Amino acid sequence: MFMSMRIGLGFDSHAFKPGVPLVIGGLRIDHPEGLAGHSDGDLLLHALTDALLGAVSAGDIGTFFPPTDPKWKDADSSVFLKTALEEIALAGYKIVNIDCVLVMHRPKIVPIAAEMRERVADLLGLDLKCVSIKGKTPEGLQQDGTAVAHVVALLEAIKLPHEHKKLTAEADVPTDADIDGVFSTVVADAHNMSALGRKRNPFSTDDLT
Ligand code: MG
């Protein structure tokens, strides 16, 4: 069924670790500790990637970038985000807006949120007003050494509904055999392949990125 809007939810957490750079939302932050991870540990871009992939039911970050693959060691997480953007575009969607919550004691997010929003909006090719980033302290959660990110993303169809109907109306009337053929292809594709034709591994959802 044609859906004009879809929603996706992403979550990620990483432990703080001394001696590595801190990168959140693609922004390099001056701080004594960074985040441990196979990639650059950018939990905001990881949660955002998962929200976008989830919105088009395209798996998750671990599906596309297994932490077992040495290729993604210290990777810039904007690469993961770019893949998710390609996936949603090929599925026929674009972002309406994103809303993010970062949960950590330090660094304080509020003083750097404006710059972070600009960076994320830039990476997504979105207007600043479509990107929200909020900071919370983890009161009572006893997770001082951990950073957590939650992201929700709303998408809308690139094709307008009336264009979709028009295309359907103009198409030749298909036979039952045509419909069966298309249906079996769509089902097989949905199970095994992403919109870009990337092979999926639906049972591996490990994310140490
Ligand atoms: Mg991660």
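The coordinates are above.
Basis of the calculations
- Residues numbered from 1 in each chain as written.
- Predicted model: local features only at pLDDT ≥ 70, side-chain atom pairs only at ≥ 80, totals over all residues.
- Heavy atoms only, no water.
- Core = buried A, V, L, I, M, F, W, Y, C linked by side-chain atoms within 4.5 Å.
- Buried < 20%, exposed > 50% of the residue type's maximum accessible area, 1.4 Å probe, protein only.
- Helix = DSSP H or I, 4+ residues; strand = E, 2+ residues; numbered from the N terminus.
- Contact = heavy atoms within 4.5 Å.
- Donors = N, O, S within 2.8 Å, 3.2 Å for Na, K, Ca; no water.
- Axes fitted to C-alpha atoms, helices over the stretch in contact; angles between N-to-C directions.
- Parallel < 35°, antiparallel > 145°, perpendicular 65-115°, else oblique.
- Left-handed = near helix turned anticlockwise from the far one by under 90°.
- Nonpolar A, V, L, I, M, F, W, Y, C, P; charged D, E, K, R; others polar.

Visitor: For this particular structure, what's the right way to read the nonpolar core?
Guide: One recurring pattern in soluble globular proteins: nonpolar side chains tend to sit buried together. With 49 residues, the main nonpolar core has Ile24, Leu52, Leu102 and Met116 as its most contacted residues. Among the elements that take part in this core, helix α1 (residues 43–55) stands out by supplying nine residues, more than any other. In this structure Met116 touches Ile24, Gly25, Leu27, Ile29, Leu44, Leu102, Ile109 and Ile133, once residues within four positions along its chain are discounted.

Visitor: Please explain the coordination of the magnesium ion as it appears in this structure.
Guide: When four donors bind a metal tetrahedrally, each ideal donor-metal-donor angle is 109.5 degrees, and when six bind octahedrally, the ideal angles are 90 or 180 degrees. The magnesium ion binds to the protein through Asp12 (OD), His14 (NE2) and His46 (ND1), with metal-donor distances spanning 2.1 to 2.3 Å. The sequence pattern formed by the donor residues of the magnesium ion is D-x1-H-x31-H. Placement of the pair is His14 in strand β1 (residues 5–18) and His46 in helix α1, with a sequence separation of 32 residues.

Visitor: Looking at this model, I keep getting lost on the packing of α1 against helix α4 (residues 110–124). Mind explaining?
Guide: The description of two packed helices rests on the angle between their axes and on the distance between the axes. Relative orientation of the contacting elements α1 and α4 amounts to 40 degrees, with a least axis distance of 12 Å. By the angle between their directions, the pair α1 and α4 is classed as oblique. The crossing of α1 and α4 is right-handed. Judged by residue contacts, Leu44, Leu45, Leu48 and Leu52 of α1 engage Met116, Val120, Leu123 and Leu124 from α4. Residue composition of the contact of α1 with α4, by class: eight nonpolar, no polar and no charged.

Visitor: Is there a simple way to think about unusual backbone geometry in this case?
Guide: One can expect most non-glycine residues to show negative phi and most peptide bonds to be in trans. The amide bond that connects Arg106 to the next residue, Pro107, takes the cis arrangement and shows omega of -5 degrees. Examined against the element boundaries, Pro107 turns out to sit in the loop between β5 (93–103) and α4. In this structure, Asp74 is a non-glycine residue whose phi angle is positive, near 60 degrees. Relative to the helices and strands, Asp74 resides in the loop between α2 (61–64) and α3 (78–90). On the basis of relative accessible area, Asp74 is assigned to the exposed category, the value being 55%. With phi around 50 degrees, Gln142 is a residue other than glycine that occupies positive phi space. Residue position: Gln142 is located in the loop between β6 (131–136) and β7 (146–157).

These results come straight from atomic positions and should not be treated as a statement about function.
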